[in-house]
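Descriptive analysis of the structure
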Amino acid sequence: MPTTTDTLPITSGDDVVRVRQKVRVRATEIGLSLVDQTKLITAASELARNTLDYGKGGHADIETVLGDRRGVRVIFRDRGPGIPDIPQALTDGFTSGNGLGHGLGGARRLVDDFDIQSIVGAGTTVTIARWKR
Amino acid sequence: MADSDKDQALVRLFTQRESEILAEWVSTLNLGETKMTLQEAESQGRAVLHALGKAVAHGNHGDMRSAEYADVRDVLHAFSRNRALQGFSPTETATFILSLKRGLLGQIRKAAQSEDAFDLLWRVNQLIDQLGLFTVETYQKTREELIARQSKEIEELSTPVVKLWDGIVALPLIGTLDSGRTQVVMQNLLETIVQTEAEIAIIDITGVPMVDTLTAQHLLKTVSAARLMGADCIISGIRPQIAQTIVQLGVELNVVSKATLADALALALKRTGRVVSKLKAKSLPALQEPAAEARG
């Protein structure tokens, strides 16, 4: 089982699919249940798309966590415009683009750990993890 | 020895010893490794050597991109392309060309004097390396073309709209719904609704591995477009893990949905005023099944 980090670029729609597939492989390897897998993959898909659409592209680090808690962690980084008001961005129905506005908040509900750091003008980093139970 | 003499040695090697080179090439070729038949190897080998002999005789010994090598490129291109399309591996393809070395070197050993042998060997080596690289490059390009064509075909094939009954059409979706495919899907569906005068369209997502907000948005847009065309939509085949995910995402799929395509069809039949009922045993028409023996 790889404990190394996979770093994938996110610069096109195809890259979003690739991130999703890689997360699926990691989640299956560590033995997440089908529901947990689907939730993590869906969250990763949302965030990868945000990185692409709002962050003007970036990359994703995908890692398997072994230890007391076993799971998969994905970190999305971009050097886009950043998010001025994070609580607002997390509100359901809010979108600065033309999406449904459930992506960021939805992704937070789909995973166990969720962390978002954003500096306006410098970029955004979102970290998510889903643990095996 | 002057350069022109060395060139002549190379030309002589190809022109005077073509059949010996071919014989040694083919006989030492590991047919198992290249997965070729003896006849194939012989005819391909002859074509390559022939083209190569002509190119060398024209006085150019190194530059495969030059006009003299047009025939060589054609032969190798056709060979490599064919192998790639038939699904042979790069090793199986390149081994054939690279093993020409053995045939050529064997002949050099027999023919050349010791002092010019090295020069000749070096030239032959360079030449064959180029042939090998060209072969692999062509192979790679052909495979990429193949993959690009296949993904285009999948895009078109994977969005069929099927008529289930008068006024009922189904759209079985398989794979990821990205923006490119949604366009094709929506257009197919709307056109079929017009053609078949469908009242109900069933969108089956059993084959969709994941529904995120973008996929949901695409689905909802397709549903509203169908509604504008006068058809009601039913979504079927939402798997349990996807249902849970959609709920947590907070997306409202305000559409009639059923667990399976069969349930959706039953509902569609009911809505269009039809009933499916079981016939009594004795009035069952015999299903025409061909007898097993008859098929031989």
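Let me sum up the structure you'll find in this document. Every value quoted in this text rests on a predicted model; they were computed, and no experiment measured them.

1. Quick notes on the overall build of chain A
Counting secondary structure elements, chain A contains 4 helices and 5 strands. Beginning at the N terminus, the succession of helices and strands in chain A can be written as β-α-α-β-β-α-α-β-β. Within chain A, buried positions represent 38% of all 133 residues. Of all intrachain contacts in chain A linking residues separated by at least 6 positions in sequence, the fraction that spans at least 24 positions is 63%.

2. Thoughts on the overall build of chain B
Across its full length, chain B carries 13 helices and 5 strands. When each of the 296 residues of chain B is scored for burial, the buried share is 31%. Sequence-distant contacts in chain B: of pairs separated by 6 or more residues, those separated by 24 or more amount to 75%.

3. Digging into the environment of Phe88 of chain B
All names here are of chain B. Looking at the secondary structure, you find Phe88 in the loop between α5 (70–85) and α6 (90–98). Among the residues examined, Phe88 registers 17 C-beta atoms within 10 Å and is labelled partly exposed. In sequence terms Phe88 and Tyr139 are 51 residues apart; their C-alpha atoms lie 9.6 Å from each other. Filtering out sequence-adjacent residues up to four positions away, Phe88 remains in contact with Lys35, Arg83 and Thr93.

4. Observations concerning the sheet that holds strand β3 (residues 71–78) of chain A
Residue and element names in this part refer to chain A. One open sheet holds the 5 strands; their spatial order is β1-β2-β3-β5-β4, and the pairing between them is antiparallel. The open sheet terminates on both sides in strands that have one partner only, identified here as β1 (6–10) and β4 (113–119). With direction set aside, neighbouring strand axes in the sheet form an average angle of 15 degrees. Sheet topology places β3 next to strand β5 (residues 123–131); 8 bridges connect them, and they run antiparallel. The residue bridging Ile75 from the neighbouring strand is Thr127, located in β5. Contacting β1, β2 (58–65) and β3, helix α1 (residues 13–30) runs over the sheet at an angle of about 155 degrees to β1.

5. Brief notes about the sheet that holds strand β5 (residues 256–258) of chain B
Residue and element names in this part refer to chain B. Pairing is mixed across the open sheet formed by 5 strands, whose spatial order is β1-β2-β3-β4-β5. Two strands bound the open sheet, and with one partner strand each, they are β1 (162–165) and β5. Here the strands of the sheet are splayed against their neighbours by 30 degrees on average, with no regard to which way each runs. Of the strands in this sheet, β3 (200–207) and β4 (232–236) touch helix α10 (residues 213–228), which is tilted by about 150 degrees from β4. This element, helix α12 (residues 261–271), spans β1, β2 (168–174), β3, β4 and β5 of the sheet and lies at about 175 degrees to β3.

6. Digging into the interface of chain B and chain A
Often the size quoted for an interface is simply the accessible area lost on bringing the parts together. At the interface, 16 residues of chain B touch 20 residues of chain A. No other element matches helix α11 (residues 240–249) of chain B, which puts 6 residues into the side of chain B that touches chain A. Grouping the constituent residues of the side of chain B that touches chain A by class yields 6 nonpolar, 8 polar and 2 charged.

7. What about helix α4 (residues 103–110) of chain A?
Of all 8 residues making up α4 of chain A, 6 are buried, and the element is well covered by its neighbours. When α4 of chain A is considered as a whole, its buried residues turn out to be Gly103, Leu104, Gly105, Gly106, Ala107 and Leu110 of chain A. Contacts from the buried residues of α4 of chain A go to α2 (34–53), α3 (86–90) and β5 of chain A together with α10 and α11 of chain B.

8. Concerning the nonpolar core
Residue and element names in this part refer to chain B. Within the largest apolar cluster, 60 residues are counted, with the highest numbers of intra-cluster contacts made by Leu171, Ala201 and Ile202. Other than its neighbours up to four places away in sequence, Ile202 contacts Ala170, Leu171, Ile234, Ser236, Leu261, Ala264, Leu265 and Ala268. Counting residues in hydrophobic clusters, the runner-up holds 27 residues, among them Tyr69, Phe79, Val124 and Phe134.

9. Quick notes on the packing of α4 of chain A against α11 of chain B
Helices that pack against each other are described as a pair by the angle of their axes relative to one another and the distance between those axes. Two elements in contact, α4 of chain A and α11 of chain B, have axes separated by 8 Å at closest approach and are oriented at 125 degrees. Judged by the angle between their axes, α4 of chain A and α11 of chain B are oblique. Contacts between α4 of chain A and α11 of chain B involve Gly106, Arg109 and Leu110 of chain A on the former and, on the latter, Thr245, Gln248 and Leu249 of chain B. When its residues are assigned to classes, the contact of α4 of chain A with α11 of chain B shows 2 nonpolar, 3 polar and 1 charged.

10. Points about the pairing of β4 of chain A
Residue and element names in this part refer to chain A. With 7 bridges connecting them, β4 and β5 associate as antiparallel partners. For Ser118, the partnering residue across the bridge sits in β5 and is Thr124. Here β4 folds back onto β5 in antiparallel fashion, the turn holding 3 residues, of which Gly121 has a positive phi close to 90 degrees.

Conventions adopted
- Residues numbered from 1 in each chain as written.
- Chains lettered and ligands numbered in written order.
- Predicted model: local features only at pLDDT ≥ 70, side-chain atom pairs only at ≥ 80, totals over all residues.
- Helix = DSSP H or I, 4+ residues; strand = E, 2+ residues; numbered from the N terminus.
- Buried ≥ 20, exposed ≤ 12 C-beta atoms within 10 Å, placed from the backbone.
- Contact = placed C-beta atoms within 7 Å.
- Pairing = 2+ DSSP bridges.
- Axes fitted to C-alpha atoms, helices over the stretch in contact; angles between N-to-C directions.
- Nonpolar A, V, L, I, M, F, W, Y, C, P; charged D, E, K, R; others polar.
- Core = buried A, V, L, I, M, F, W, Y, C linked by C-beta atoms within 7 Å.
- Parallel < 35°, antiparallel > 145°, perpendicular 65-115°, else oblique.

Keep in mind that these numbers describe shape and distance, not what the molecule does.
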